[in-house]
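# Chains, contacts and geometry: an overview
Each chain, written out:
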Amino acid sequence: MQLSSGTGFGPKASGGSTFSGLDQYVLALTDPAFTTSILRVIILGVIQVPLMLALALSLALLLDARRTIGKRSFNLIYFMPYAIPGVVSALMWAFLVQPSLSPFTSIAKALGFTLDMTTPFAIPFTIGNMITWGFTGYNMIIMYSALKALPAEVLEAATIDGAGPWRTAWAIKVPLIRPAVVMASVFSIIGTIQLYTEPAILRNSAPTVDPTFSPVMAVYAAVMSNDFNGAAARSVILALVTLVLSFGFLKYQQRRGGAF
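Structure report, in brief. (Residues numbered from 1 in each chain as written. Predicted model: local features only at pLDDT ≥ 70, side-chain atom pairs only at ≥ 80, totals over all residues. Heavy atoms only, no water.)

### Section: the overall build of the protein
When its secondary structure is counted, the protein shows twelve helices and two strands. Secondary structure elements of the protein occur, N-terminal to C-terminal, as β-β-α-α-α-α-α-α-α-α-α-α-α-α. The proportion of buried residues among the 260 residues of the protein is 41%. (Helix = DSSP H or I, 4+ residues; strand = E, 2+ residues; numbered from the N terminus. Buried < 20%, exposed > 50% of the residue type's maximum accessible area, 1.4 Å probe, protein only.)

Shown next as structure tokens:
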């Protein structure tokens, strides 16, 4: 008899369905490839998401500063990577990191050292860089919109009290736009857990990328091997992990006093 689907039901030899408990969930949770993929993206997110959000916040504060020249042009430049379709962006980066074609590899070789951004050690950093490049502008727009909505009288009062640009930015603006920063953080956490496009496209240039690099890729691998029941169970587990991490982060922020 075929094992049950992700919901616990599966076909019998004589037709119909039978309940076989949590067999598929046990198999998924004891699958090293799947559990490692979840751990891999969590570690990637712990490092990449804070760096990306810090960069996005810094750019938003820079654009909101009074003396910044060419705000509209920089706004468009920073947002442009997000406007490019994800597949196109991943293909571009696949070209940029492929050792035989990469201009970075050529420059490194001219300087006298070897650079290969497709080694198993370098792949997480390469993918993290791809994600940061693609989504920093999106998060910046969220934070910049929140900055533009701040009450003008609050900022004027800070100026009258003698607060300089840096003091105003970090002591007044950042705390006031905390809900926007939290929202961007939640979106980034969900996006990291659902990582697929970047490693999947990069595999064409870097065969060292694990076919189950991310949980979504692990689900897809199960589907391609006709293990639909296992893929369904892994999908449910992935949804639960995403729910726990995103709502857990929200609860943590609420306990710290952040309104959202």
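### Things to note about a nonpolar patch on the surface
Together, Leu39, Ile42, Ile43, Val46, Ile47 and Leu51 give the surface a local cluster of nonpolar side chains, amounting to about 560 Å² of exposed area. Within the secondary structure, Ile47 is located in helix H2 (residues 32-64). (Patch = residues over 30% accessible without salt bridge, like charges linked within 9 Å, V, L, I, M, F, W, Y side chains within 5 Å. Areas by Shrake-Rupley, 256 points an atom, 1.4 Å probe, with all protein chains shown as cover. Salt bridge = Lys/Arg side-chain N within 4 Å of Asp/Glu carboxyl O.)

### Some words on the packing of aromatic side chains
In the structure shown here, the tally under the stated rule is three aromatic pairs. Geometrically, the ring pair formed by Phe121 and Phe125 is tilted, given 5.5 Å between the ring centres and 50 degrees between the ring planes. Seen from the ring of Phe213, Arg40 lies directly overhead, with NZ or CZ sitting 5.0 Å from the centre. We note Arg234 situated over the ring of Phe34; from NZ or CZ to the ring centre the distance is 5.7 Å. (Phe/Tyr/Trp six-rings, centres within 6.5 Å; stacked < 30°, edge-to-face > 60°. Lys NZ or Arg CZ within 6 Å of the ring centre and 35° of its normal.)

### Looking at the side chain of Asp64
Positionally, Asp64 belongs in helix H2. Engagement of the side chain of Asp64 in a polar contact is seen with the side chain of Lys173, the distance being 2.7 Å. (Polar contact = N/O pair within 3.5 Å; in protein donor to acceptor, adjacent residues only side chain to side chain.)

### Regarding the packing of helix H6 (residues 123-148) against helix H9 (residues 178-193)
Two elements in contact, H6 and H9, have axes separated by 9 Å at closest approach and are oriented at 160 degrees. For the element pair H6 / H9, the angle class is roughly antiparallel. Judged by the sense of rotation from one axis to the other, the crossing of H6 with H9 is right-handed. Here Tyr138, Asn139, Ile142, Met143 and Ala146 of H6 lie close against H9, whose contacting residues are Ala180, Val181, Met183, Ala184, Phe187 and Ser188. Tallied by class, residues from the contact of H6 with H9 come to nine nonpolar, two polar and no charged. (Axes fitted to C-alpha atoms, helices over the stretch in contact; angles between N-to-C directions. Parallel < 35°, antiparallel > 145°, perpendicular 65-115°, else oblique. Left-handed = near helix turned anticlockwise from the far one by under 90°. Contact = heavy atoms within 4.5 Å. Nonpolar A, V, L, I, M, F, W, Y, C, P; charged D, E, K, R; others polar.)

### What about the pattern of salt bridges?
This model, assessed by the stated rule, comprises three salt bridges. In this structure, Arg234 engages Asp31 in a salt bridge whose closest nitrogen and oxygen atoms are separated by 3.0 Å. Placement of the pair is Arg234 in helix H12 (residues 228-255) and Asp31 in the loop between helix H1 (23-29) and H2, with a sequence separation of 203 residues. The exposure class of Asp31 is partly exposed, given its relative accessible area of 21%. Linking Asp64 and Lys173 is a salt bridge whose minimum nitrogen-to-oxygen distance equals 2.7 Å.

### So, the packing of H2 against helix H8 (residues 165-176)
The packing of two helices is summarised by the inter-axis angle and the distance between the axes. Packing of H2 against H8 brings their axes to within 12 Å, and their N-to-C directions diverge by 105 degrees. Compared by their axis directions, H2 and H8 come out roughly perpendicular. Note on element contacts: H8 touches H2 through Ala169, Trp170, Lys173 and Val174, opposite Leu57, Leu61 and Asp64.

### Quick word on unusual backbone geometry
Of note in this structure, Asn226 is not a glycine but carries a positive phi near 65 degrees. Along the polypeptide, Asn226 turns up in the loop between helix H11 (215-224) and H12.

### Observations concerning the nonpolar core
Core analysis: the biggest nonpolar cluster contains 21 residues, and Ile123, Ile127, Leu195, Leu202, Val209 and Phe213 have the highest contact counts within it. Elements supplying a minimum of two residues to this core: H2, helix H4 (86-97), H6 and helix H10 (197-202). Among the elements that take part in this core, H4 stands out by supplying five residues, more than any other. Among all residues touching Val209, those that are not within four sequence positions of it are Ile123, Pro199, Leu202 and Arg203. With 20 residues, the next largest nonpolar core counts Met143, Leu147, Leu150 and Ile177 among its residues. (Core = buried A, V, L, I, M, F, W, Y, C linked by side-chain atoms within 4.5 Å.)

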